Amino acid sequence: MHNGEHPPLSRRPAHASGPGRHRQPGDQPVAYRDVFAVREFRALWSAQALSCAGDQFAQVAIAYVVYARTGSAFLTASAYALTYLPPVIGGAVLSGLADLVPRQQMMITLDLIRAGLVALMALPGLPFTGLCLLFFGTVLLGTPFSATRSALLSDVLPADKYPLGSVIGSHTAQLGQIGGFVAGGGLVAALGPYRALALDSLSFSLSAGILARGVRPRPAPPRGASHPSPWEITWDGVAAVFGSPALRTLVLFGWLAGFTVVPEALAAPYAHTLGGGATT
């Protein structure tokens, strides 16, 4: 779940203060309803909300399945760590896919692939190793999906509506994570983990359908003769960040903040310790 930088804004007039408002040219405020009035943005937002919630459904279901099969807190936490490892390993490289093919087509393809991977995860007899590999692949493909959506957002929204649209996307990712965990726990308790995964697969398919109907196809971004490869872009980014003491410090603090997910990774074993099952 990618936040881009917002373009600079002029000073807000006194009458435009308040949540959910950004300035338009001519000092006219932009409200949430102005952004949601754009049909393509509504489609992008709906697809993002479904994908974010679906990711959390899968995390809850996988944690429950792994602990139920193995009884190991270590393996359960390791499986949960797979949700954070893919962006570290291949996320920066795969993000470059957003500029190689038409963006709407890329997002639809990624959604359909993830729908297929999660559908396989919903098979009860799947070996543990296969389950983890499919889960890894599903999370890995979420990185280029988010990067493509962020790139497409600037094509969908006018410049005056883009800053608030970006904020809405960030809030959606955060709320989708919270709501997805709560709903995922309820689904696992009510339907069982494998049916919850099947429903997750359906959510990715529904997201692909929304994008196909609600977002206009556009050609791929033009590429110059000296267009750098994803590996070159990644290497240049790493060199720029770790060559700057200020940026390096911020990145290290960001990595340190990642340890706050430890309670989430131990939720299933801890619930069992308290004497509870899927509902707990």
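This structure is a prediction, so every number in the text was calculated from the model and none was measured.

How each quantity is defined
- Residues numbered from 1 in each chain as written.
- Predicted model: local features only at pLDDT ≥ 70, side-chain atom pairs only at ≥ 80, totals over all residues.
- Heavy atoms only, no water.
- Helix = DSSP H or I, 4+ residues; strand = E, 2+ residues; numbered from the N terminus.
- Buried < 20%, exposed > 50% of the residue type's maximum accessible area, 1.4 Å probe, protein only.
- Areas by Shrake-Rupley, 256 points an atom, 1.4 Å probe, with all protein chains shown as cover.
- Contact = heavy atoms within 4.5 Å.
- Patch = residues over 30% accessible without salt bridge, like charges linked within 9 Å, V, L, I, M, F, W, Y side chains within 5 Å.
- Salt bridge = Lys/Arg side-chain N within 4 Å of Asp/Glu carboxyl O.
- Core = buried A, V, L, I, M, F, W, Y, C linked by side-chain atoms within 4.5 Å.
- Phe/Tyr/Trp six-rings, centres within 6.5 Å; stacked < 30°, edge-to-face > 60°.
- Lys NZ or Arg CZ within 6 Å of the ring centre and 35° of its normal.
- pLDDT = per-residue confidence, 0-100.
- Axes fitted to C-alpha atoms, helices over the stretch in contact; angles between N-to-C directions.
- Parallel < 35°, antiparallel > 145°, perpendicular 65-115°, else oblique.
- Left-handed = near helix turned anticlockwise from the far one by under 90°.
- Expected span 1.5 Å × (residues − 1).
- Nonpolar A, V, L, I, M, F, W, Y, C, P; charged D, E, K, R; others polar.

Asker: Provide a residue-level description of the overall build of the chain, including the pertinent values.
Answerer: If you tally the helices and strands in the chain, you get 12 helices and two strands. The proportion of buried residues among the 280 residues of the chain is 42%. Looking at the chain as shown, the accessible area adds up to about 14,600 Å², and 67% of this sits on carbon and sulfur atoms.

Asker: A description of the environment of I168 should follow, citing residues and the corresponding values.
Answerer: By the secondary structure assignment, I168 is in helix α7 (residues 162-191). The exposure class assigned to I168 is buried, which follows from its relative accessible area of 5%. For I168, the contacting residues outside a window of four places in its chain are Y32, V35, F36, F41 and W45.

Asker: Please set out a nonpolar patch on the surface residue by residue, giving values where relevant.
Answerer: Judged by side-chain polarity, W235, V238, F242, L252 and W255 come together as a nonpolar surface patch covering roughly 560 Å² of accessible area. Among the elements of the structure, α9 (230-242) and α10 (245-257) are those that each provide at least two residues to the nonpolar patch. At three residues, the largest contribution of residues to the nonpolar patch is made by α9. Mapped onto the secondary structure, W235 falls in helix α9.

Asker: Before we move on, could you go through the pattern of salt bridges and cite the residues and values that matter?
Answerer: The final tally for this structure, using the stated rule, is four salt bridges. Across the pair R218 and E40 runs a salt bridge, and its minimum N-O distance is 2.8 Å. Of this pair, R218 sits in the loop between α8 (193-214) and α9 while E40 is found in helix α2 (residues 39-70), placing the two residues 178 residues apart along the sequence. On the basis of relative accessible area, R218 is assigned to the buried category, the value being 14%. A salt bridge links D160 to K161, with the nearest nitrogen and oxygen atoms 3.8 Å apart. In this structure D160 comes out as buried when scored by relative accessible area, which is 18%. What makes K161 buried here is its relative accessible area of 15%.

Asker: Which residues make up the nonpolar core, and what are the values?
Answerer: Judged by nonpolar contacts, the single largest core of 50 residues is most densely connected at F41, L44, I62, M121, L197 and L211. Listing elements by their share of this core, those giving two or more residues are α2, α5 (103-121), α6 (128-156), α7 and α8.

Asker: So, the packing of aromatic side chains: which residues are in play, and what are the values?
Answerer: Evaluation of the coordinates by the stated rule reveals two aromatic pairs. With a centroid separation of 5.3 Å and an interplanar angle of 75°, the aromatic rings of F36 and F41 are classed as edge-to-face. When the ring of F36 is compared with that of W45, the centres are 5.3 Å apart and the planes differ by 90°; the resulting orientation is edge-to-face. Here the basic side chain of R114 rests over the ring of F145, its NZ or CZ set 4.5 Å away from the ring centre.

Asker: Go over the confidence of the model for the chain with me, naming the residues and quoting the values.
Answerer: Residue-level pLDDT values for the chain average 79, and 81% of them are 70 or greater. For the chain, per-element mean pLDDT is lowest for strand β1 (residues 21-24), which scores 48, and highest for α5, which scores 92. Confidence drops under pLDDT 50 across residues 1-22; counting only partners more than four residues distant or on other chains, this segment forms 46 contacts.

Asker: Please give an account of the packing of α5 against α8 that cites residues and values.
Answerer: At a closest axis distance of 8 Å, the pairing of α5 and α8 adopts a crossing angle of 165°. Taken as axis vectors, α5 and α8 run roughly antiparallel relative to one another. You can see that α5 and α8 cross each other, and the crossing is left-handed. Between α5 and α8, the residues in contact are Q104, M107, I108, D111, L112, R114, A115, V118, A119 and M121 and Y194, L197, D200, S201, F204, S205, S207, A208, L211 and A212, respectively.

Asker: Tell me what's going on with α5, and back it up with residues and numbers.
Answerer: Between the first and last C-alpha of α5 there are 27 Å, a value that for 19 residues agrees with the 27 Å anticipated at 1.5 Å per step. Of all the residues in α5, the buried ones are R103, Q104, M106, M107, I108, L110, D111, R114, A115, L117, V118 and M121. Here the buried face of α5 lies against α2, α6 and α8.

Asker: Give me the lowdown on the environment of A183, citing residues and values where you can.
Answerer: Within the secondary structure layout, A183 lies in helix α7. Sequence separation of A183 and F57 is 126 residues, and the distance between their C-alpha atoms is 7.3 Å.

Asker: So what's going on with the packing of α6 against α7? Residues and values would help.
Answerer: Direction vectors running N to C along α6 and α7 enclose 155°, while the axes themselves pass 10 Å from each other. As judged from the angle between their axes, α6 and α7 are roughly antiparallel. Two packed elements cross with a definite hand, and for α6 against α7 that hand is right-handed. Each of R149, S150, L153 and S154 in α6 lies in contact with α7, whose residues at this interface are Y162, G165, S166 and G169. In terms of residue class, the contact of α6 with α7 is made up of two nonpolar, five polar and one charged.

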